[in-house]
Amino acid sequence: MKKLISLILFILIFTSGCYDYTELNEMAIVSGIAVDFEDEKFHVAFEILNTKNKEDNKEQEKVYYAQGEGKTISEAFSATSLEIAKMPYLAHLKALIIDEEIAKEHVEDIIDFLIRDNHIRNIFYLAISKDTTAYKVLTNTDTNNPIVSNAIADLIDSTTFTNNIASDLNFEKFVTNIIDPRKDTYISSIKIEDDNLKLGPIGIFKGYKFRTYLSENESAVFNVMNGSSNEIHFKIKCPNDEDNYILLTTFNKPKSGIEIKNKTATIKTEVETRIIENHCKMDFKKVKTYEEIQKKVQKKLEKDMKDVITKSLKYDSDILKIKQIYYQKTKKDLDFRKLNYKYEAKVIINRNGLIFEVKK
């Protein structure tokens, strides 16, 4: 009897398939989606990977596109799906691009539609198309970027040799923030310059509505303030010569935090830097030289931190989660715009394995 039961279990486990299993070659693998809103309609486009045998045609494109429109987001997705001979497969989705009108008025519609689809993995990137349509971004292919959704994911992930201005939030984290009444959220933007895709500044939200963009410098500083930055550059005028400059870059993630006491929020950060370009005629064998440079970097960083908070307050977008921090400490809610703000930056310059630091 035990042998019979074992045999039945073996057959059930190893010979039965999933009820909704579909052969891969019967699916249209969607890697990117663009959603625009124009003329009171949602316009959707799919970027679909070409899975045909390349031996048959070595010149064939790596992707093709399907488009549809509708009065609702579900109608637009359905219309787009009907343009494809195969079943759309969204589990491979890398990027969803939305235009600014969608970001301002229809993010809740997008979230409501996507979270109802059990076949979508919510780890893809959401980005705003800045000063252009989402469709133009999705179809901006070239030899180096034949699959735009991959290129967008790479732009957001890559921070080498540049200021880290990208948002580190995937769609799942974006939704987690946006549904929390004590948080506001933010996402990356993508723009087209000289026919090339480029990373734009971070877009900030109040609830479900896009409010404005940080500047590129504010985006980089914001990532320092929330502790997620991988790299940011500081171009500082020489302490003894205003006509020349020194360029520094951070390494390692910053140590950042917020303290709230007596209606005052103190924004703190500590960054380690190294000199990558020097046009200052100073004696770099002296500790005093590094102290003077550190003070200038520190002063600039504190001013930049203030600029980020000023814009956050102006647009009522609590992107640093100050309300949540206060609630976790006191179990009370507050209006983060009514707090006083202080800024404390600590800068460390690493030189050939030696660290010089200035204590305030």
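The rules behind the values
Every residue gets a number counted from 1 within its own chain, in the order that chain's sequence is written. In keeping with the predicted nature of the model, local features appear solely for residues at pLDDT of at least 70, side-chain atom pairs appear and are counted solely at 80 or more, and the whole-chain, interface and lining totals rest on all residues. Note: side-chain values were computed over all heavy atoms of the structure, leaving out hydrogens and water. Only runs of H or I of at least four residues qualify as helices and only runs of E of at least two qualify as strands under DSSP, and these elements are numbered from the N terminus. Polar contact is defined as a pair of N or O atoms within 3.5 Å, subject to the rule that within protein one atom must be able to donate a hydrogen and the other to accept it, and that residues adjacent in sequence are counted only when both atoms are side-chain atoms. Any two residues whose heavy atoms approach within 4.5 Å at even a single point are treated as in contact. A side-chain nitrogen of Lys or Arg and a carboxyl oxygen of Asp or Glu constitute a salt bridge if their distance falls within 4 Å. We call a residue buried when its accessible area falls under 20% of the maximum for its residue type, exposed when it is over 50%, and partly exposed in between, using a 1.4 Å probe and counting protein chains only. Here, patches come from residues exposed beyond 30% relative accessible area and free of salt bridges, joined within 9 Å for like charges and within 5 Å for nonpolar side chains (Val, Leu, Ile, Met, Phe, Trp, Tyr). For the accessible areas, the method is Shrake-Rupley and the probe is 1.4 Å, while residue cover comes only from the protein chains on display. When charges are tallied, Lys and Arg are placed among the positive residues and Asp and Glu among the negative ones, while His and the ends of the chain are skipped. Where a charge lies is defined by one atom per residue type: Lys uses NZ, Arg uses CZ, Asp uses CG and Glu uses CD. Arc definition: it is the arc formed by the directions from the helix axis to the C-beta atoms. Strand pairing is assigned whenever DSSP identifies at least 2 bridges connecting the two strands. Any two rings among Phe, Tyr and Trp, with Trp reduced to its six-membered ring, count as a pair given centres within 6.5 Å; such a pair is stacked if its planes are under 30 degrees apart, edge-to-face if over 60, and tilted if neither. What counts as an axis is a line fitted to C-alpha atoms, over the stretch in contact for a helix, and the angles between N-to-C directions run from 0 to 180 degrees. In what follows, roughly perpendicular refers to angles from 65 to 115 degrees, roughly parallel to angles under 35, roughly antiparallel to angles over 145, and oblique to any angle outside these ranges. Note on residue classes: Ala, Val, Leu, Ile, Met, Phe, Trp, Tyr, Cys and Pro are nonpolar, Asp, Glu, Lys and Arg are charged, and everything else, Gly too, is polar. One less than the residue count of a helix, multiplied by 1.5 Å, gives the span that helix is expected to have. Put simply, a nonpolar core is a bunch of buried Ala, Val, Leu, Ile, Met, Phe, Trp, Tyr and Cys residues held in one set by side-chain atoms that sit within 4.5 Å of each other.

When you look at the environment of Asp131 in this model, what are you seeing that I'm missing?
With respect to the element layout, Asp131 can be found in the loop between strand 6 (125-129) and helix 5 (134-138). Within the structure, Asp131 has its side chain in polar contact with the side chain of Lys130 (distance 3.1 Å).

Just to check I follow, could you spell out the side chain of Asn177 for this structure?
Tracing the sequence through the fold places Asn177 in helix 7 (residues 171-178). Those residues in contact with Asn177, other than ones at most four positions away along the chain, are Leu169, Lys183, Asp184, Thr185, Tyr186 and Lys321.

Even after reading the chapter, I still don't get the pattern of salt bridges, so can you show me in this structure?
A side chain with one charge can pair with a side chain of the opposite charge if their charged atoms come near. Counted under the stated rule, the structure contains 18 salt bridges. With its nearest N and O atoms 3.0 Å apart, the salt bridge here joins Glu69 to Lys41. A residue pair is termed long-range when its members are at least 10 positions apart, and Glu69 in strand 3 (residues 63-70) and Lys41 in strand 2 (residues 41-49) qualify at 28 residues. Classification of Lys41 by relative accessible area gives partly exposed; the value is 28%. The residue Lys303 makes a salt bridge to Asp307 at a minimum N-O spacing of 3.2 Å. You can see Lys303 and its partner Asp307 sitting in helix 9 (residues 287-314), 4 residues apart, about one turn around the helix. What you see here is one network of salt bridges that share partners, running through Lys191, Glu193, Lys198 and Glu216.

Could you clarify how one ought to interpret a negative patch on the surface in this entry?
A grouping of Glu38, Asp39, Glu40 and Glu101 is seen on the molecular surface, where their side chains present a negatively charged patch. With respect to the secondary-structure elements, Glu101 resides in helix 3 (residues 100-105). For Glu101, a relative accessible area of 33% translates into the label partly exposed.

Could you clarify how one ought to interpret helix 2 (residues 73-82) in this entry?
Because an α-helix completes one turn every 3.6 residues, residues spaced three or four positions apart along the sequence face the same direction. When helix 2 is considered as a whole, its buried residues turn out to be Ile73, Ala76, Phe77 and Thr80. Projection of helix 2 onto a plane perpendicular to its axis shows the buried side chains occupying an angular sector of 100°, all on one side. On its buried side, helix 2 packs onto strand 1 (27-38), strand 2, strand 3 and helix 4 (107-114).

How do you make sense of the pairing of strand 2 when you look at a structure like this?
Two faces, one strand: in a regular strand the side chains alternate between the faces of the sheet. The element strand 2 is largely enclosed, with a buried count of 7 among its 9 residues. When strand 1 meets strand 2, the two strands line up antiparallel, connected through 8 bridges. Across the sheet, the residue bridging to Gly32 is Glu47, located in strand 2. Counting the residues in the hairpin turn of strand 1 and strand 2 gives 2 residues, including Asp39, whose phi is positive at 55°. Inspection of the sheet shows strand 2 paired to strand 3 by 8 bridges, in the antiparallel sense. Along strand 3, the bridge assignment pairs Phe42 with Gly70.

Explain the packing of aromatic side chains here, please?
Pairs of aromatic rings are described using the distance from one ring centre to the other and the angle between the two planes. Taken as a whole and assessed by the stated rule, the structure comprises 9 aromatic pairs. Consider the rings of Phe174 and Phe205, whose centres lie 5.5 Å apart with planes at 80°: the pair is edge-to-face. Taken together, the residues span a long stretch of sequence, with Phe174 in helix 7 and Phe205 in strand 8 (residues 196-206) at a distance of 31 residues. Judged by relative accessible area, which is 0%, Phe205 ranks as buried. Seen in terms of ring centroids, Tyr186 and Phe222 are 4.8 Å apart; in terms of plane orientation they differ by 85°. Their pairing is edge-to-face. Of the two residues, Tyr186 is situated in strand 7 (residues 186-193) and Phe222 in helix 8 (residues 216-225); the sequence distance between them amounts to 36 residues. Owing to a relative accessible area of 0%, Phe222 belongs among the buried residues under this scheme. Ring pairs connect the aromatic residues Phe174, Phe205, Phe210 and Tyr213, which therefore count as one cluster.

How do you make sense of the packing of helix 8 against helix 9 when you look at a structure like this?
Helix-helix packing: each pair is described by the crossing angle between the helix axes and the interaxial distance. One can describe the packing of helix 8 onto helix 9 by two numbers: an axis separation of 9 Å at closest approach and a directional angle of 100°. Judged on the interaxial angle alone, helix 9 and helix 8 are roughly perpendicular. Touching Asn217, Glu218, Val221, Phe222 and Met225 of helix 8 are Lys300, Leu301, Asp304, Met305, Asp307, Val308, Ile309 and Lys311, all from helix 9. Of the residues in the contact of helix 8 with helix 9, the class split is 7 nonpolar, 1 polar and 5 charged.

Honestly, helix 9 in this entry has me stumped. Any pointers?
Its 28 residues give helix 9 an end-to-end C-alpha distance of 41 Å, which sits within 8% of 40 Å, the value for a rise of 1.5 Å per residue. Note on helix 9: the residue one or two positions beyond its end, Asp316, has a positive phi of about 50°.

Just to check I follow, could you spell out the nonpolar core for this structure?
One recurring pattern in soluble globular proteins is that nonpolar side chains are buried together. In this structure, Ile152, Phe222, Met225, Ile267, Met305, Ile322 and Tyr341 are the most contacted members of the largest nonpolar core, which totals 62 residues. The greatest single-element share of this core, amounting to 7 residues, is contributed by helix 9. When sequence neighbours within four positions are dropped, the list of residues in contact with Ile267 reads Met225, Gly257, Ile258, Met305, Ile309, Tyr341, Lys342, Tyr343 and Glu344. Within the second largest apolar cluster, 36 residues are counted, among which are Ala28, Phe37, Ile48 and Phe210.

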